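Given next are the chains, with one letter for each unit.
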Amino acid sequence: MGLVSPGDPRALSHLLLLLLLLEESRGFPPALLAALCILCSHGAPVSPMGAHLMLCQQHVTCGDKFYHDLQHCCCDDSVVPLGRTRKCGNCTFRVCFEQCCPRSLRPQESFLVKLKGQSCSFAPSSDDRVCRSVS
């Protein structure tokens, strides 16, 4: 099959019908459907095979945004690059993979950098890094 011409109302209506049926049967987010409709209405060529592949690929969301999980992660409902870092006392940690945990009842004294998913209340392990407060 060739490219669907965005100006052809019959082809566009078939694509929109397909998208609406997929939305009803699989619960696709309205934002995805709106993005596809905008692409079609602005003259972007849409191949039926390309549209099918796009809809069938697994999508990762963060809040209401889609992202590629090999390049970004979801941190505090924001999409951030995998290399993003933050300070934890005198240490730097990777927000996609680690978390900063207060080590004592007085959080300003010291911190532990633990792997994400581990509870901060777990006893320190050999994978944790001890960080000191920066005055």
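Every residue gets a number counted from 1 within its own chain, in the order that chain's sequence is written. pLDDT decides what is reported in this predicted model: residues at 70 or higher carry local features, side-chain atom pairs at 80 or more are listed and counted, and totals for whole chains, interfaces and linings draw on all residues regardless. Hydrogens are left out, water is left out, and the side-chain values use all remaining heavy atoms of the structure.

Visitor: Tell me what's going on with the overall build of the protein chain, and back it up with residues and numbers.
Guide: Looking only at helices and strands, one finds three helices and nine strands in the protein chain. Secondary structure elements in the protein chain, listed N-terminal to C-terminal, are α-α-α-β-β-β-β-β-β-β-β-β. Sequence separation of 24 or more characterises 25% of the internal contacts of the protein chain that already satisfy a separation of 6 or more. When the accessible surface of the protein chain is split by element, carbon and sulfur atoms take 58% of a total near 9,300 Å². Helix numbering and strand numbering both begin at the N terminus, where a helix is a DSSP run of H or I of at least 4 residues and a strand a DSSP run of E of at least 2. Any pair of residues with heavy atoms lying within 4.5 Å of one another is described as a contacting pair. Note that accessible areas follow from Shrake-Rupley with a 1.4 Å probe, and for residues the cover is restricted to the protein chains shown.

Visitor: Explain the side chain of Glu98 residue by residue, including any values.
Guide: Note that Glu98 resides in strand E7 (residues 98-102). Not counting residues within four places of it along the chain, the set of residues in contact with Glu98 comprises Phe93, Val113, Lys114, Leu115, Lys116 and Arg129.

Visitor: How would you explain the side chain of Asp128 if you had to name every residue and give the values?
Guide: Examined against the element boundaries, Asp128 turns out to sit in the loop between strand E8 (110-115) and strand E9 (129-132). A polar contact is formed between the side chain of Asp128 and the backbone nitrogen of Ser125, at a distance of 2.8 Å. Discounting chain neighbours no more than four positions away, the residues touching Asp128 are Leu112, Val113, Lys114, Gln118 and Ala123. Here a polar contact is taken to be a pair of N or O atoms separated by no more than 3.5 Å, where protein atoms must pair a possible hydrogen donor with a possible acceptor and residues adjacent in sequence count only if both atoms sit in side chains.

Visitor: Talk me through the pattern of salt bridges; I want residue IDs and the actual numbers.
Guide: Salt bridges are counted wherever a side-chain nitrogen of Lys or Arg sits within 4 Å of a carboxyl oxygen of Asp or Glu. If you walk through the whole model with that rule in mind, you get four salt bridges. With its nearest N and O atoms 3.2 Å apart, the salt bridge here joins Arg129 to Glu98. Of this pair, Arg129 sits in strand E9 while Glu98 is found in strand E7, placing the two residues 31 residues apart along the sequence. Exposure remark for Glu98: the relative accessible area of 11% places this residue in the buried category. Asp128 is paired through a salt bridge with Lys114; the nearest N and O atoms lie 2.7 Å apart. Only protein chains enter the accessibility calculation, which uses a 1.4 Å probe; a residue is then buried when its area is under 20% of its type maximum, exposed when over 50%, and partly exposed in between.

Visitor: Run through the environment of Arg132, naming residues and quoting values.
Guide: As for its position among the elements, Arg132 is in strand E9. When the C-alpha atoms of Arg132 and Cys91 are compared, they prove to be 7.7 Å apart, with 41 residues separating the residues in sequence.

Visitor: Summarise the sheet that holds E7; cite the residues concerned and give the values.
Guide: Across a sheet, strands are paired by hydrogen bonds formed along the backbone, either parallel or antiparallel in direction. Pairing between two strands is assigned when DSSP locates at least 2 bridges connecting them. One open sheet holds the three strands; their spatial order is E7-E8-E9, and the pairing between them is antiparallel. Of all the strands in the sheet, just E7 and E9 have a single pairing partner and so form its edges. Here the average twist between neighbouring strands, direction ignored, is 30 degrees. Bridging between E7 and E8 involves five bridges; their strand directions are antiparallel. Residue pairing in the sheet places Gln99 in a bridge with Lys114 of E8. Fitting a line to C-alpha atoms yields each axis, with helices limited to the stretch in contact; the angle taken between N-to-C directions then spans 0 to 180 degrees.

Visitor: I'd love a proper account of the state of the cysteines, names of residues and values included.
Guide: Criterion for a disulfide: a pair of cysteine sulfur atoms at a distance within 2.5 Å. A full pass over the atoms with the stated rule returns five disulfides. Two residues share a disulfide in this structure: Cys73 and Cys96, whose sulfurs sit 1.9 Å from each other. Where Cys73 bonds to Cys96 through sulfur, the torsion about that S-S bond is close to -80 degrees, and the disulfide is left-handed. You can see Cys73 sitting in strand E3 (residues 72-75) and its partner Cys96 sitting in the loop between strand E6 (91-94) and E7, a full 23 residues away along the chain. Between the sulfur atoms of Cys101 and its disulfide mate Cys120 the distance is 2.0 Å. Negative torsions about the S-S bond denote left-handed disulfides, and the value of about -65 degrees found for Cys101 with Cys120 makes this one left-handed. On the criterion of sequence distance, the pair formed by Cys101 in strand E7 and Cys120 in the loop between E8 and E9 is long-range, its members being 19 residues apart.

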